[in-house]
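# Understanding the architecture of this molecule
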Amino acid sequence: MIAIRTIDLEKKYKEKVALNKLNLSIKEGELFSLLGTNGAGKTTTIKMLSCLCSPTSGDAILLGDSIVKNPFAVKEKIAVSPQETAVAPNLTVKENLQLISEVYGNNKKDAIRKADEIIESFGLAEIAKSKAKTLSGGWQRRLSIAMSLISNPKILFLDEPTLGLDVIARRELWTMVKELKGKITIILTTHYLEEAEALSDRIGIMTKGKLKAVGTARELMECANAQNFEDAFIALSTDGGVSI
Ligand SMILES: Nc1ncnc2c1ncn2[C@@H]1O[C@H](COP(=O)(O)OP(=O)(O)OP(=O)(O)O)[C@@H](O)[C@H]1O
């Protein structure tokens, strides 16, 4: 089944076309990465798909509901883990998870149970009693993603999840993302090419508001006739690049 289908999805800021008629389908359970140079339109795409801003024209259907006609139904199925971690610094890891669960309408007992479930599933036990402000950047990011999963979303948007993390913390976060693979649909934006290559089922390369190419990392390399993914990305994202 298709999780996300965009139909001529477009966003203009006055005369500036931030996203130019995007037509894309993402399957349920797929991990799809959006890659592109600065200003390519990745964040604009994610913001529209997660109903944080409206398209100028076009539409997107997320698991049967339109972002234009039924944004509230869409919001019930999705979660966004933003670039900046959204944790309460003075609460412990468990309290942060419990708080979000209560925000989603669970009573205290259920919220505690849900927090324990997430702690167990994502290997957060060793830091469960630590205040969020004392955690390393990597742990904070993992907590932030865990918090976005409290509502059992069917689609998760990860906007630059490893930005600013050291290489070890990045790899640890990859492990967490890999554990989610296949269970929910994930849309990830990143500037780290090796991250997209390591995690994604398919990758979309954007330039100046346009989707230039879509495929697996291997397909994109073959299409660009490149020896490695970085060369493929450069070939496909520059103006003279090959389009598929
Ligand atoms: N609120 C806004 N008002 C005007 N222009 C905007 C606004 N938001 C984004 N843009 C423009 O739209 C284009 C796409 O921006 P967007 O943030 O989606 O790109 P991006 O691929 O996420 O870039 P980055 O990798 O730098 O985060 C850019 O030219 C940007 O300047």
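The chain is annotated in an unreviewed UniProt entry as ABC transporter ATP-binding protein of Acidilutibacter cellobiosedens. In its Sequence similarities (unreviewed entry) section, the UniProt record describing the chain reads: "Belongs to the ABC transporter superfamily."

Before going further, it helps to spend a moment on the nonpolar core. Buried together is how nonpolar side chains tend to be arranged in soluble globular proteins. If you look at the biggest cluster of nonpolar residues, it comprises 34 residues, and the most contacted ones within it are Leu97, Leu124, Leu143, Ile145, Leu149, Leu156 and Ile186. Listed by contribution, the elements that provide at least two residues to this core are helix H3 (93-103), helix H4 (108-121), helix H5 (137-148), strand E7 (155-159), helix H6 (167-180) and strand E8 (185-189). Among the elements that make up this core, the one with the highest residue count is H6 (six residues). Here this core spans two domains, and each of domain 1 (2-77 + 153-237) and domain 2 (87-150) adds at least three residues to it. Residues within four places of Leu124 in sequence aside, it is in contact with Leu97, Ile118, Ile119, Trp139 and Ala146. Counting residues in each nonpolar core, the second largest holds 25 residues, with Leu9, Leu22, Ile26 and Met206 among its members.

Moving on to the site of the ligand. Neighbouring the ligand are the residues Tyr13, Lys16, Ala18, Thr37, Asn38, Gly39, Ala40, Gly41, Lys42, Thr43, Thr44 and His191. Between the ligand and Lys16, the relevant distance is 3.3 Å, taken from an oxygen atom to a side-chain nitrogen or oxygen of the residue. Lys42 is positioned with one of its side-chain polar atoms (N or O) 2.7 Å from an oxygen atom of the ligand. With the chains in place, 63% of the 630 Å² that the ligand exposes on its own is no longer accessible. At the level of secondary structure, the elements contributing two or more residues to the shell around the ligand comprise strand E2 (16-27) and helix H1 (42-49).

Our focus in this paragraph is helix H9 (residues 229-237). Taken as a whole, H9 has its buried residues at Phe229, Ala232, Phe233, Leu236 and Ser237. Taken down its axis, H9 places every buried residue within 110° of arc, on the same side. Turning to H9, the residues buried within the fold contact strand E3 (31-36), helix H7 (193-199), strand E9 (202-207), strand E10 (210-215) and helix H8 (217-224). For H9, the N-terminal capping position is held by Asn228, with its side-chain oxygen 3.2 Å away from the main-chain nitrogen of Glu230.

Moving on: the pattern of salt bridges. All told, the structure shown has nine salt bridges when counted by the stated rule. In this structure, the salt-bridge partner of Lys94 is Asp116, at a minimum N-O distance of 2.9 Å. Within this pair, whereas Lys94 is found in helix H3, its partner Asp116 is found in helix H4, the two being separated by 22 residues in sequence. Under the relative-accessibility criterion, Lys94 is labelled partly exposed at 25%.

Pairing within the open sheet is antiparallel, and its four strands lie in the order E2-E1-E4-E5. With one partner strand each, in any of the chains shown, E2 and strand E5 (65-66) form the two edges of the open sheet. When strand E4 (residues 57-62) meets E5, the two strands line up antiparallel, connected through two bridges. Its bridge partner lying in E5, Ile61 is registered against Ser66.

What counts, and at which threshold
Residues numbered from 1 in each chain as written. Predicted model: local features only at pLDDT ≥ 70, side-chain atom pairs only at ≥ 80, totals over all residues. Heavy atoms only, no water. UniProt positions renumbered as here; feature names shortened; annotations may be inferred. Core = buried A, V, L, I, M, F, W, Y, C linked by side-chain atoms within 4.5 Å. Buried < 20%, exposed > 50% of the residue type's maximum accessible area, 1.4 Å probe, protein only. Helix = DSSP H or I, 4+ residues; strand = E, 2+ residues; numbered from the N terminus. Domains from an automatic or database assignment. Contact = heavy atoms within 4.5 Å. Near = heavy atom within 4 Å. Polar contact = N/O pair within 3.5 Å; in protein donor to acceptor, adjacent residues only side chain to side chain. Areas by Shrake-Rupley, 256 points an atom, 1.4 Å probe, with all protein chains shown as cover. Arc of directions from axis to C-beta. Salt bridge = Lys/Arg side-chain N within 4 Å of Asp/Glu carboxyl O. Pairing = 2+ DSSP bridges.

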